[in-house]
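# Observations on the three-dimensional arrangement
Single-letter residue listing:
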Amino acid sequence: MSRAYAISAARTMARVAVIVLVGGLVFGSALRGEIDVTVALISAGSTLLIGLPILAFELLFVYSPLGAEFRRIPFARFVTLRSLVWGCWTLVGTAIAATTLWPIPLADLPASPDYWITVAFSIALGTAVAGTLAVGRLVGRGVLRDFTLGRYHRPVEEERACLFVDLVGSTALAERLGPSRFLDLLNEFVRDFETVLDGSGGEIHRYVGDEIIVTWRMHRARDISAAPGLVFGLRRRIGERAGFYSERFATVPDFRAALHAGSVVVGEMGDSKPEIVLLGDTMNTAARIEQLCRELDRQFLVSAQAMDLLTLADGIRAEAMPQVAVRGREQQVRLFALHD
């Protein structure tokens, strides 16, 4: 488990822990009809006893590399199995809390209304949290929150850095492998990308055919130095799995990448299938720069605007390229090729 992943997952689980703890305190006080230090401590202790093992399950399994195969099962089965784990532990954890903190004799638990009310509340809260996290994963990290809050219900202009990653030779690969096996290859490529993405601060905006678009919101992080590490980390990971790719697909995927930064307009689009879209010259230019990788025979190109936001790690070298014309723009673009 990488340090970046551990930090990212811990932040997510910390937010969930705060929500669950506040919910437990409010529920415990309401159940007993009073608010005092003793009730608050018992409620907090019960909530932590029930919630901490579930959070550990989420942090150490569901969201970790260990749970990769579990996350890839059909969505309905994923939510059902995950909720069953939460529900089973809720029964056990509530029983432990009731007999040690409340306290209620174990033999009296089946006849205790408070016990069953607490179980029902805990299962309902756990199912709501698990379902929200699962839907958030389905639509994209942060997208559910943005839709819920209506952040982009009206168009908003933001500063963003945009990384385009494009699979090389996809047309020939699709023709040789066939649609189904090519999709399997794409899935493996994307999963490798997602593995190195964790903790970089970037968010996958969308998949466009064989292309992955990642963005960084500049009001959150003025430094996007993780972006080159993401590109070179993906290249290393594919190299480590070269044997797997060769055996299964008779090829090792290659890719080109382009990084640009600037102003974009972000807003909701669509009704029956709404999306949050990014529009503007920055997105168009980033796409054009990615296309220039082939013309300039470079694997990773970065615009001067993006270079201003980078602190290159040791071992990464920047090669200044001649200014080039980009289709659709009057001004030429100054580019750098990054090498690991």
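Look above for the structure.
For the structure given in this document, a descriptive report is provided here. Only a predicted model underlies this, so the values are computations on that prediction, with no experimental measurement involved. (Residues numbered from 1 in each chain as written. Predicted model: local features only at pLDDT ≥ 70, side-chain atom pairs only at ≥ 80, totals over all residues. Heavy atoms only, no water.)

## Some thoughts on the overall build of the chain
The condition is simple: For helices the rule is a DSSP run of H or I covering at least 4 residues; for strands it is a run of E covering at least 2, with both sets numbered from the N terminus onward. Residue contacts are counted whenever heavy atoms from the two residues lie within 4.5 Å of one another. Exposure was quantified through the Shrake-Rupley algorithm and a 1.4 Å probe, taking into account, for residues, occlusion by the shown protein chains and nothing else. By the counting rule applied here, Lys and Arg register as positive and Asp and Glu as negative, while His and the ends of each chain are not counted. Lysine's charge is taken at NZ, arginine's at CZ, aspartate's at CG and glutamate's at CD.
Along the chain, the regular secondary structure elements total twelve helices and eight strands. Structurally, the chain occupies a C-alpha span of about 80 × 45 × 45 Å along its principal axes. Long-range pairs, those at least 24 residues apart, make up 67% of the contacts in the chain with a sequence separation of at least 6. For the chain, the exposed surface amounts to about 17900 Å²; the carbon and sulfur share of it is 59%. Both charge centroids of the chain, one from 35 positive and one from 36 negative side chains, sit 1 Å from each other.

## Overview of the pattern of salt bridges
Put simply, the test is: Salt bridge criterion: a side-chain nitrogen from Lys or Arg within 4 Å of a carboxyl oxygen from Asp or Glu.
On inspection of all chains with the given rule, the structure shows 15 salt bridges. As a salt-bridge pair, Glu 158 and Arg 160 come within 2.9 Å of each other at their nearest N and O atoms. Of the charged contacts, one joins Arg 237 and Asp 192 as a salt bridge, the two residues approaching to 2.8 Å between their closest N and O atoms. In this pair, Arg 237 is assigned in helix α9 (residues 226-240) and Asp 192 in helix α8 (residues 179-197), connecting sequence segments 45 residues apart.

## Comments concerning the packing of aromatic side chains
We apply this condition: Geometry of aromatic contacts follows a simple scheme: Phe, Tyr and Trp rings, the Trp one being its six-membered ring, pair when their centres are within 6.5 Å, and the pair is stacked under 30 degrees between planes, edge-to-face over 60, tilted otherwise. For the exposure calls, accessible area comes from a 1.4 Å probe over protein chains only, and a residue counts as buried if that area is under 20% of its type's maximum, exposed if over 50%, partly exposed in between. The criterion is that NZ of a Lys, or CZ of an Arg, lies within 6 Å of the ring centre and within 35 degrees of the ring normal, and then a charge sits over that ring.
One pass over the structure, following the stated rule, counts nine aromatic pairs. On the basis of an interplanar angle of 40° and a centroid distance of 5.5 Å, the ring pair of Phe 61 and Phe 70 is categorised as tilted. For Phe 70, a relative accessible area of 15% corresponds to the buried category. The interplanar angle of 75° and the centroid separation of 5.8 Å between the aromatic rings of Phe 232 and Phe 300 together place this pair among those described as edge-to-face. Taken together, the residues span a long stretch of sequence, with Phe 232 in helix α9 and Phe 300 in strand β6 (residues 300-303) at a distance of 68 residues. Accessibility classification places Phe 232 together with Phe 300 in one group, the buried group. Taken together, Phe 57, Phe 61, Phe 70 and Phe 78 form an aromatic cluster joined through their ring pairs. Arg 235 extends its terminal NZ or CZ atom over the ring of Phe 255, reaching a point 4.0 Å from the ring centre. Residue placement shows Arg 241 over the ring face of Phe 244; its charged tip is 4.4 Å from the ring centre.

## Quick notes on the nonpolar core
Going by this rule: Buried Ala, Val, Leu, Ile, Met, Phe, Trp, Tyr and Cys residues form a nonpolar core when they are joined through side-chain atoms within 4.5 Å.
Ranked by size, the top nonpolar core spans 40 residues in total, and within it Leu 163, Val 165, Phe 189, Trp 216, Leu 259 and Phe 300 carry the most contacts. Top contributing element to this core by residue count: α8, with seven residues. The contact partners of Trp 216, leaving out residues within four places of it in the chain, are Glu 159, Arg 160, Ala 161, Leu 163, Ser 200, Gly 201, Gly 202, Ile 224, Ala 227, Leu 230 and Leu 259. Counting residues in each nonpolar core, the second largest holds 14 residues, with Val 16, Phe 57, Val 62 and Ala 134 among its members.

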